[in-house]
Amino acid sequence: MATEKSKILVIGGTGYIGKFIVEGSAKSGHKTFALVREASLSDPAKGKIVQNFKDLGVTILNGDLSDKESLVKAIQHVDVVISTVGLSQLMNQLNIISAIKESGKHIKRFLPSEFGNDVDRTVAIGAAKSEFAMKAEVRRAVEAEGVPYTYVINNCFDGYFLATLAQCETRLTSPPRDKVTIYGDGNAKAILNKEEDIAAYTMRAVDDPMTLNKSVYINPPKNIVSQNDVVALWESKIGKTLEKSYVSEEELLKKIPQSPHPLDLLLALNHAIFVKGDQTWFTIEPSFGVEASQLYPDVKYTSVDEYLNQFV
């Protein structure tokens, strides 16, 4: 007999990864709720996202992270709470933890806003280190309160990193065809995942006892690549060699604090990921984590190679 799927509340669903998580939840058969601020409903772009949610059968609840009553009320509808809030609201997740504690002990799982590098195993500096420190503080609060959790470590979003070959100083929406900047020697291995795949793996994890109080790493083997690997793959697809500029670690470390926000954050992320190998330097131990593509081999993920085909 199949286990009934959890009812899911997504907080921050109109944000970048949030909309994929809401859609993934609804399409995978979970009764899905999205907590949406009044301001988002009057925003034309976010209003379209909310309408799409409604078309998928998602229940829209009005509320705000700063309004504890609305949080408690929303949480009472569900079994699982997923936060996908952005950088500016990371610490407001402490209010979610408080609301979960107040609304009763029925919540089976809380997934705080992670969806990036493992913040407990990072060598990041600067603005990236500050962001990761906030996520780590939320983790400690979740654990201290005894709230059941899963941390989803999806590493890089394809839409941010792969679609531009990690060219964070330009405003590219597709891979460059003339020049490319390589960070460090370009050999550090990163992990790049398509947003819909991240949502699919997340949905498999929410009700899985194997992922309770663990980190779920989305590390499919075909998506563990260096910047050099990605550039060479792209060159083979377009039949052209790109002009390469190398930024040494020393140059990058000087550049990061001199750059305006959010460029300082993006450069710090590139330093952590593509120079220091922040996503791949450690081994996933059973004591703290599981790897999603091993746990759910039936999920068909999009490889780096396949993703790049759309731009050819």
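Structure's up top.
Residues numbered from 1 in each chain as written. Predicted model: local features only at pLDDT ≥ 70, side-chain atom pairs only at ≥ 80, totals over all residues. Heavy atoms only, no water.

> Got a minute to help me understand the nonpolar core in this structure?
Soluble globular proteins tend to pack their nonpolar side chains together in the buried interior. Formed by 38 residues in total, the largest nonpolar core has its most connected members in Leu-165, Tyr-183, Leu-192, Val-230 and Leu-308. Looking at this core, the elements with two or more residues in it are helix 6 (126–144), helix 7 (158–162), strand 8 (179–183), strand 9 (189–193), helix 9 (227–238), helix 10 (249–258), helix 11 (263–275) and helix 13 (304–308). Per-element tally for this core: the top contributor is helix 11, with 8 residues. Excluding residues within four positions of it along the chain, Leu-192 makes contact with Cys-156, Asp-158, Phe-161, Leu-162, Asn-223, Val-225, Val-230 and Val-304. Residues Ile-17, Val-36, Val-152 and Val-216 belong to the second largest nonpolar core, which totals 32 residues. (Core = buried A, V, L, I, M, F, W, Y, C linked by side-chain atoms within 4.5 Å. Buried < 20%, exposed > 50% of the residue type's maximum accessible area, 1.4 Å probe, protein only. Helix = DSSP H or I, 4+ residues; strand = E, 2+ residues; numbered from the N terminus. Contact = heavy atoms within 4.5 Å.)

> What exactly am I supposed to notice about the side chain of Asp-79 here?
Residue position: Asp-79 is located in the loop between helix 4 (68–75) and strand 4 (80–83). A relative accessible area of 13% means that Asp-79 is categorised as buried. Within the local environment of Asp-79, its side chain forms a polar contact with the backbone nitrogen of Lys-7, the two atoms lying 2.8 Å apart. Not counting chain neighbours up to four residues away, the residues in contact with Asp-79 comprise Ser-6, Lys-7, His-106, Ile-107, Lys-108 and Arg-109. (Polar contact = N/O pair within 3.5 Å; in protein donor to acceptor, adjacent residues only side chain to side chain.)

> What's the story with the sheet that holds strand 7 (residues 156–157) in this structure? I'm lost.
Where strands meet in a sheet, backbone hydrogen bonds hold them as pairs that are either parallel or antiparallel. Spatial strand order, 7-9-11: 3 strands in an open sheet with mixed pairing. Sheet topology places strand 7 and strand 11 (224–226) at the edges, where each strand pairs with a single neighbour. Bridge count between strand 9 and strand 11: 3 bridges; the pairing is antiparallel. For Ala-190, the partnering residue across the bridge sits in strand 11 and is Val-225. (Pairing = 2+ DSSP bridges.)

> Looking at this model, I keep getting lost on the packing of helix 1 (residues 16–27) against helix 8 (residues 195–205). Mind explaining?
Packed helix pairs are characterised by how far apart their axes lie and by the angle those axes make with each other. Axis separation between helix 1 and helix 8 bottoms out at 8 Å; the angle between their running directions is 50°. Judged on the interaxial angle alone, helix 8 and helix 1 are oblique. The element helix 1 and its partner helix 8 pack so that their crossing is right-handed. Here helix 1 contributes Tyr-16, Ile-17, Phe-20, Ile-21, Gly-24 and Ser-25 to the contact with helix 8, which in turn contributes Glu-195, Glu-196, Ile-198, Ala-199, Thr-202 and Met-203. Looking at the contact of helix 1 with helix 8 residue by residue, the class counts come to 7 nonpolar, 3 polar and 2 charged. (Axes fitted to C-alpha atoms, helices over the stretch in contact; angles between N-to-C directions. Parallel < 35°, antiparallel > 145°, perpendicular 65-115°, else oblique. Left-handed = near helix turned anticlockwise from the far one by under 90°. Nonpolar A, V, L, I, M, F, W, Y, C, P; charged D, E, K, R; others polar.)

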